[in-house]
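Next come the chains, spelled out residue by residue.
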Amino acid sequence: MGRRRTSVMMFALIMLFIGTYRFFLPSETVVYQMEVVRRKPDPTNAPATQRVSIVEAVCTPALEGNNGRAQVNGVILFLTGKKERLFFKKALPLLEVNFLSRYPYPVHVFHEKMPQDRQEVIRDVLLSARNVTFEDVSQFWRTLPHGVSEEQLNEWMNTPEQRRYHKRGYRIMCRFWAGLVWQLPSLDSYEYYWRLDTDSFLTQAVPCDVFRLMQVNQCVYGYRRIHIDRLKVVKDLWPTFKKWAKTALSTSELEGVSHFALNGSESEYKGIIYYNNFELGTMALKRHPLYTSMFRFLDENEPL
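Residues numbered from 1 in each chain as written. Predicted model: local features only at pLDDT ≥ 70, side-chain atom pairs only at ≥ 80, totals over all residues. Heavy atoms only, no water.

1. Considerations on the environment of Tyr291
Residue position: Tyr291 is located in helix H10 (residues 289–300). For Tyr291, a relative accessible area of 1% translates into the label buried. (Helix = DSSP H or I, 4+ residues; strand = E, 2+ residues; numbered from the N terminus. Buried < 20%, exposed > 50% of the residue type's maximum accessible area, 1.4 Å probe, protein only.)

2. Focus: the pattern of salt bridges
Across all of its chains, the model carries 8 salt bridges by this definition. Two residues, Glu268 and Lys270, come together in a salt bridge whose shortest N-O distance is 3.4 Å. Exposure remark for Lys270: the relative accessible area of 38% places this residue in the partly exposed category. (Salt bridge = Lys/Arg side-chain N within 4 Å of Asp/Glu carboxyl O.)

3. A few points about the packing of aromatic side chains
The description of two aromatic rings rests on the distance between their centres and on the angle between their planes. On inspection of all chains with the given rule, the structure shows 19 aromatic pairs. A ring pair is formed by Tyr221 and Tyr274, whose centres lie 5.9 Å apart and whose planes are at 50°; its orientation type is tilted. Of this pair, Tyr221 sits in strand E8 (residues 219–228) while Tyr274 sits in strand E9 (residues 272–282), and the two are 53 residues apart along the sequence. For the ring pair Trp238 and Phe241, a centre distance of 5.5 Å and an interplane angle of 25° mean the geometry is stacked. Here the residue Trp238 and the residue Phe241 both occupy positions in helix H7 (residues 237–248), the gap between them amounting to 3 residues, near one helical turn. With respect to class, Trp238 is no different from Phe241; both count as buried. Chaining the aromatic ring pairs together yields one cluster made of Phe110, Phe140, Trp141, Phe176, Trp177, Trp182 and Tyr193. (Phe/Tyr/Trp six-rings, centres within 6.5 Å; stacked < 30°, edge-to-face > 60°.)

4. Details of the state of the cysteines
Here a disulfide denotes a covalent bond joining the sulfur atom of one cysteine to the sulfur atom of another. The full count for this structure, using the stated rule, is 1 disulfide. A sulfur-sulfur distance of 2.2 Å marks the disulfide that ties Cys59 to Cys208. The sign of the -50° torsion about the S-S bond sets the Cys59-Cys208 disulfide as left-handed. Of this pair, Cys59 sits in the loop between strand E3 (52–53) and strand E4 (74–80) while Cys208 sits in the loop between strand E7 (192–195) and helix H6 (210–216), placing them 149 residues apart in sequence. Of the two residues, Cys59 and Cys208, both sit in the buried class. (Disulfide = S-S within 2.5 Å.)

5. Points about the layout of surface pockets
One number sums up the size of the second largest pocket: a volume of about 160 Å³. Lining the second largest pocket, in full, are Phe140, Arg175, Gly179, Leu180, Gln183, Leu184, Lys286, Tyr291, Thr292, Phe295, Arg296 and Asp299. With 5 residues, the top contributor of residues to the lining of the second largest pocket is H10. A class-by-class count of the residues in the lining of the second largest pocket yields 5 nonpolar, 3 polar and 4 charged. (1 Å grid on protein atoms, 1.4 Å probe; cavity = no way out; pocket = protein on both sides within 12 Å on 5 of 7 lines; lining within 4 Å. Points joined across faces, edges and corners; volume = space filled by probe spheres on them. Nonpolar A, V, L, I, M, F, W, Y, C, P; charged D, E, K, R; others polar.)

6. Here we look at the packing of H7 against helix H8 (residues 251–261)
Put simply, H7 and H8 touch, their axes get as near as 11 Å, and they point 165° apart. As judged from the angle between their axes, H7 and H8 are roughly antiparallel. Crossing hand, H7 versus H8: right-handed. Contacts between H7 and H8 involve Trp238, Phe241 and Ala245 from the former and Leu254, Val257, Ser258 and Ala261 from the latter. Residue classes in the contact of H7 with H8 are distributed as 6 nonpolar, 1 polar and no charged. (Axes fitted to C-alpha atoms, helices over the stretch in contact; angles between N-to-C directions. Parallel < 35°, antiparallel > 145°, perpendicular 65-115°, else oblique. Left-handed = near helix turned anticlockwise from the far one by under 90°. Contact = heavy atoms within 4.5 Å.)

7. Digging into the nonpolar core
Grouped together as the largest cluster of nonpolar side chains are 36 residues, with contacts concentrated most on Ile76, Leu95, Phe99, Ile122, Leu126, Trp194 and Phe211. When contributions to this core are tallied by element, the ones reaching two or more residues are E4, helix H2 (85–100), strand E5 (107–111), strand E6 (132–136), E7, H6 and E9. Ranked by the residues each element gives to this core, the list is headed by H2, at 7 residues. In this structure, Leu77, Trp141, Leu187 and Leu285 belong to the second largest nonpolar core, which totals 31 residues. (Core = buried A, V, L, I, M, F, W, Y, C linked by side-chain atoms within 4.5 Å.)

8. Side note on the confidence of the model for the chain
The predicted model of the chain averages 80 in pLDDT, with 77% of residues at 70 or higher. Per-residue pLDDT stays below 50 along residues 2–35; that stretch engages in 161 contacts with residues further than four places along the chain or on separate chains. Note on residues 39–50: pLDDT is under 50 here. Beyond four places in sequence and across chains, it has 23 contacts. (pLDDT = per-residue confidence, 0-100.)

9. A few points about the pairing of E7
Side-chain alternation along E7 places Tyr192 and Trp194 on one buried face and Tyr193 and Arg195 on a second face that is also buried. Note: E4 against E7, 4 bridges, orientation parallel. Along E7, the bridge assignment pairs Gly74 with Tyr192. Bridge count between E7 and E9: 4 bridges; the pairing is antiparallel. Each residue of the ladder has a partner; that of Tyr193, found in E9, is Gly281. (Pairing = 2+ DSSP bridges.)

Structural data, given as structure tokens:
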């Protein structure tokens, strides 16, 4: 839990949808040069990793403004803690001005026992949102993966190689976004999501409806960039993933994942990940049986 951090997200996405294309937004915005994965309908029974095409998508005039069309079934997601000054002072006002004022999508805020008055402050800032809803998820901060005890976690977090990294709360936050959130009934009615961090700042107007861009181009996932994580926070990720993959993937699918994840190395995983603090995607992807199976396996096999 947490050792694998954002890397947990990487493997399911590579495994299911290898292949990317780019759409370009102004370079001063947070959403500049995102890469988006597209999966075309395919009548064959070929493995999922062989049914992906590489295309290019850009914001076009047809995707600007609402033009009286019904919105895509999407939602913007946040998870906020108790001390989030920049969330209230900067992230939310910029979201309102640079996106919601033109594209009034709903916003759903996960929180830990947020007072009612703070919820009203958020509603007052996001005046253009179709609706703003709140969900207390503090129960997840009181539980650990099946088979992992508090004693095991504390012992592992205090080893010399891990002591310098984030503690229990941060690691559970990573676990929440990696898998727990996607099974919540509150998201059942949505087809697309846009996850933003509380320090994600849209510094210029987003030039088109990003949810419609996803839909028109049959996209299933969009991410900000590919990143190399610290090796100590992805310790034992690759061998643990391979244990799961040998029971769930075909040989050709595992070879496809390995080609990307090992990044030219014959056997050593270098920590390559999708940077997922800012991402767009479909609920179908995050609820895919293979994704769920992989998350549960990694989740319950920590600490090693």
